[in-house]
Amino acid sequence: MAAARTSRSSAKDRPSYRCTECGYSTAKWLGRCPECQAWGTVEELGGAPAVRTTAAGRVTTAAVPIGQVDVRTATARSTGVDELDRVLGGGLIPGAVVLLAGEPGVGKSTLLLDVAAKAASDEHRTLYITGEESASQVRLRAERIKALSDHLYLAAETDLSAVLGHLDAVKPSLLILDSVQTVASPEIDGAPGGMAQVREVAGALIRASKERGMSTLLVGHVTKDGAIAGPRLLEHLVDVVLSFEGDRHARLRLVRGVKNRYGATDEVGCFELHDEGITGLADPSGLFLTRRAEAVPGTCLTVTLEGKRPLVAEVQALTVDSQIPSPRRTTSGLETSRVSMMLAVLEQRGRITALGKRDIYTATVGGVKLTEPAADLAVALALASAASDVPLPKNLVAIGEVGLAGEVRRVTGVQRRLAEAHRLGFTHALVPVDPGKVPAGMRVTEVADMGDALRVLPRGRTRTPSKDRDEG
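Quick caveat: nothing in here was measured; it's all calculated off a predicted structure.

Overview of the overall build of the protein
Here comes step 1: Scanning the protein from terminus to terminus reveals 11 helices and 22 strands.
Here comes step 2: Principal-axis analysis of the C-alpha atoms places the extent of the protein at approximately 90 × 65 × 55 Å.
Here comes step 3: Counting contacts in the protein only where the partners sit at least 6 residues apart, residues at least 24 apart contribute 66% of the total.
Here comes step 4: Accessible surface, the protein as shown: approximately 23900 Å² in total, 50% of it carbon and sulfur.
Here comes step 5: Separation of charge centres in the protein, based on 58 positive and 56 negative side chains, amounts to 4 Å.

As C-alpha cells, then:
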C-alpha cells in the first residue's frame, strides 16, 4: 500500500514540459517538438497534468442535415473599403475573427481606423480599442484621415476584463483591437505579448465574437523575420489571416490573404499610403511604370500576377565599368539568385560576355517585388539592353520563365496578363510558345529560347526567325 502511494506521489511530482510554439505537452523533455517540428521550444512547466476523461454531456444545438442550415446569418457585410472586401471575399462575416499582421509603420492602424469609420452606421456600431496609443492620439489621426463617425466608439485599454466590459456597454457589430499583444488578462501570469497571454486574450475575444455575432479585427505584430509574432495557435484559431506588406519608403501597400475560411487566399488588395491617409487602388499599374517620350536602354516591362490580379511592372538594369576586382551585383525588388541566374544564361546561351567584369544594378519601379519566374524574360532583356546600350522597342512587354538551357517556358495566366497589357495600351508582347488566344490588335511574338528573344534588340544576334501572331 505504501509502495502504491509512493508511486502515485512520484508520478504527481514528475515535471511536465510544454512547447512554447504550439502548446504541445509531454512528460519528458524533447529537443524537437513532435507536433510543430520546432527545435528548442520545449520548456519545463512543473507537475505533470492529471489524466482525465470526459463524459458525454448535453448538446448546445441539435445536429441537422447540412442542407437545412440557415446561411442568412453568414452573409458578408461590406467594410466600406473595396480593396479589403476583395481580399476578405466580399466583406466581414458576422462572428468572424480576422488577424491583420504587418511590420511597424506599414499603415495597419491607419487602414483599420478608416475601416472603422466607414463600417459604422445606425444599425452597426464599431468599437475601436487601442492598447498602444492614447485615445487623443487616435482622435488626431482620425481627423487627419477624415475617419470621424458618431457611431464609432473609441477606448484605450490594456486589460482584457475592461475590453469585455466595453463590449457589454457598446454592443458593437465590429470590434477592432490594436493590438492583441498589448492586452493582458489579470487571471493569467506573464507579461502582455507572452504566449499564455496572447492565447487567453485571443480565446476570450473569439468566444465573444461567436456568441454575439460580432466581427472582430485583431492587429498582430511580426518578428524580425516577417512571421506573425506569438504562438502559431493564434493563426489556427482565427478565421482569416491577412498580411500587410509594403516598403515603408514607398507608397504602395499590399494586403495579402494567408488564410481565409470564407474565400480564396489568392486575392491581393492594393493601397496607396499618403499624408491624408490610405486609399484603395483599383488600377495600381501606374505606380510601377515610368512614362517616357523616348525609350531608354536597360528597361523592360512585364506583367506579374499578384494573386488573381495582373499588374504591369517595369524592370530596370544598369551596367557600368567596375573599379574593384569583384564587380558589384545589387538588386532592389528582385531576387538576387534569379538575377544571377539570368546573367549566367545570357553569358552562356546568349553569348553576351560584356557582363562578367561590370558592376550590375537591377531594380523595379514603385517598390513592387517581383518574385515569380514569369519576370525572368523581362530581367534578361533588361540586362541585355543595358549591356548593349540599345533600348528595347516601345510598348513591349516580356512574359516568360527562362531555364538554365536558355529555353523560355510557359507560365500561368498568359491570356490574363496579355489582356491587362493590351488594356493599358501596349501593342507588342514576347511570350512563350502557344500562349492561347491573344487580344485583338496586339502583336504577340512567340519565343522558344533566349536567342529568339534577343532578336528584338536592333543589334541582337540573328537566329532562326521566330513565329509572330497578330490577332485582329
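The rest of the description comes next.
Focus: the confidence of the model for the protein
Low pLDDT means the predicted atomic positions in that stretch should not be read closely.
Here comes step 1: This prediction gives the protein a mean pLDDT of 87; 92% of its residues lie at or above 70.
Here comes step 2: Within the protein, strand S5 (residues 126–130) carries the highest mean pLDDT (97), whereas helix H1 (residues 2–13) carries the lowest (47).
Here comes step 3: Considering only residues more than four positions removed or in separate chains, one finds that residues 1–12, a stretch of pLDDT under 50, has three contacts.
Here comes step 4: Of the regions scoring below 50 in pLDDT, residues 460–466 engages in 17 contacts with residues more than four places distant in sequence or in other chains.

A closer look at the sheet that holds strand S8 (residues 215–220)
Sheet strands pair by backbone hydrogen bonding; their relative direction is either parallel or antiparallel.
Here comes step 1: Read across the sheet, nine strands follow the order S6-S5-S7-S8-S4-S9-S10-S11-S12 without closing on themselves; strand pairing throughout is mixed. Whereas interior strands pair on both sides, the edge strands pair on one side only; in this sheet they are strand S6 (152–156) and strand S12 (277–280). Strand-to-strand twist across the sheet, computed as the mean angle between neighbouring axes with direction ignored, equals 20 degrees.
Here comes step 2: Sheet analysis places strand S9 (residues 240–245) next to strand S10 (residues 252–260), joined by six bridges and oriented antiparallel. Residue Val241 lies in a different strand from S10, and its bridge partner there is Lys259.
Here comes step 3: In the packing of helix H3 (residues 108–119) onto the sheet, the strands contacted are strand S4 (97–102), S5, S6, strand S7 (174–178), S8, S9, S10, strand S11 (268–274) and S12, and the crossing angle to S5 comes to about 155 degrees.
Here comes step 4: Against the sheet, helix H6 (residues 195–212) makes contact with S4, S7 and S8, and its axis sits at roughly 170 degrees relative to S7, the strand it touches most.

Quick look at the pattern of salt bridges
Here comes step 1: Within the structure shown, the criterion is met by 21 salt bridges.
Here comes step 2: With a shortest N-O distance of 2.7 Å, Arg261 and Asp239 are connected by a salt bridge. Of this pair, Arg261 sits in the loop between S10 and S11 while Asp239 is found in the loop between helix H7 (233–237) and S9, placing the two residues 22 residues apart along the sequence.
Here comes step 3: The exposure class of Arg261 is partly exposed, given its relative accessible area of 46%.
Here comes step 4: Note on Asp239: relative accessible area 3%, which makes it buried.
Here comes step 5: Ionic contacts of the salt-bridge type, sharing partners, join the residues Glu83, Arg86, Glu267 and Arg309 into one network.

What to know about the side chain of Thr41
Here comes step 1: Among the secondary structure elements, Thr41 is positioned in the loop between strand S2 (25–26) and strand S3 (42–47).
Here comes step 2: The contacts of Thr41, once residues within four sequence positions are left out, are Arg18, Cys19, Thr20, Glu21 and Cys33.

Quick notes on the pairing of S8
Here comes step 1: The buried count for S8 comes to six of six residues, which makes it a mostly enclosed element.
Here comes step 2: Of the two faces of S8, the one holding Ser215, Leu217 and Val219 and the one holding Thr216, Leu218 and Gly220 are both buried throughout.
Here comes step 3: The sheet contact formed by S4 and S8 spans five bridges and is parallel. In the sheet register, Leu100 faces S8, and the bridge partner there is Val219.
Here comes step 4: Here S7 pairs with S8 via four bridges, running parallel. Bridged to Leu175 within S8 is Thr216.
Here comes step 5: In this region the chain leaves S7, passes through H6 and returns to the parallel neighbour S8; the handedness of that crossover is right-handed.

Thoughts on the packing of helix H5 (residues 160–170) against H6
To characterise two packed helices, one gives the angle between the axes of the helices and the distance between these axes.
Here comes step 1: Running from amino to carboxyl end, H5 crosses H6 at an angle of 10 degrees, the nearest separation of the two axes being 11 Å. One way to sum up the angle between H5 and H6 is to call them roughly parallel. When the axes of H5 and H6 are compared, the crossing they make is right-handed. Counting all contacts with H5, which are made through Leu160, Val163, Leu164, Leu167 and Asp168, the residues of H6 involved are Glu200, Val201, Ala204, Leu205, Ala208 and Arg212.
Here comes step 2: Residue composition of the contact of H5 with H6, grouped by class: eight nonpolar, no polar and three charged.

Regarding the packing of H3 against helix H4 (residues 135–144)
Here comes step 1: Closest axis-to-axis distance for the H3/H4 pair is 10 Å, and the angle between their directions is 70 degrees. The orientation of H3 with respect to H4, classified from their angle, is roughly perpendicular. Mapping the contact onto sequence places Ser109, Thr110 and Leu113 in H3 and Val138, Arg141 and Ala142 in H4.
Here comes step 2: In terms of residue class, the contact of H3 with H4 is built from three nonpolar, two polar and one charged.

Describing the nonpolar core
Here comes step 1: With 45 residues, the main nonpolar core has Leu346, Leu377, Leu381, Leu383, Leu430, Met450 and Leu454 as its most contacted residues.
Here comes step 2: Of all elements in the fold, only S10, S11, strand S14 (309–321), helix H8 (336–348), helix H9 (376–388), strand S17 (396–398) and helix H11 (450–453) reach the threshold of two or more residues within this core.
Here comes step 3: The element that contributes the greatest number of residues to this core is H9, accounting for nine residues.
Here comes step 4: Of all hydrophobic cores here, the second largest spans 31 residues; its members include Val87, Val98, Tyr128 and Val240.

Here's the deal with the environment of Gly91
Here comes step 1: Summarising the element assignment, Gly91 is placed in the loop between helix H2 (82–88) and S4.
Here comes step 2: A relative accessible area of 5% places Gly91 in the buried class.
Here comes step 3: A C-alpha to C-alpha distance of 4.4 Å links Gly91 and Ser78, two positions 13 residues apart in sequence.

Let's talk about helix H10 (residues 414–423)
Here comes step 1: Looking only at H10, the buried set comprises Val414, Arg417, Leu418, Glu420 and Ala421. Projection of H10 onto a plane perpendicular to its axis shows the buried side chains occupying an angular sector of 160 degrees, all on one side.

Thresholds, definitions, all that
Residues numbered from 1 in each chain as written. Predicted model: local features only at pLDDT ≥ 70, side-chain atom pairs only at ≥ 80, totals over all residues. Heavy atoms only, no water. Helix = DSSP H or I, 4+ residues; strand = E, 2+ residues; numbered from the N terminus. Contact = heavy atoms within 4.5 Å. Areas by Shrake-Rupley, 256 points an atom, 1.4 Å probe, with all protein chains shown as cover. Lys, Arg positive; Asp, Glu negative; His and termini not counted. Charge placed at Lys NZ, Arg CZ, Asp CG, Glu CD. pLDDT = per-residue confidence, 0-100. Pairing = 2+ DSSP bridges. Axes fitted to C-alpha atoms, helices over the stretch in contact; angles between N-to-C directions. Salt bridge = Lys/Arg side-chain N within 4 Å of Asp/Glu carboxyl O. Buried < 20%, exposed > 50% of the residue type's maximum accessible area, 1.4 Å probe, protein only. Right-handed = clockwise from strand over helix to strand, strands pointing away. Parallel < 35°, antiparallel > 145°, perpendicular 65-115°, else oblique. Left-handed = near helix turned anticlockwise from the far one by under 90°. Nonpolar A, V, L, I, M, F, W, Y, C, P; charged D, E, K, R; others polar. Core = buried A, V, L, I, M, F, W, Y, C linked by side-chain atoms within 4.5 Å. Arc of directions from axis to C-beta.

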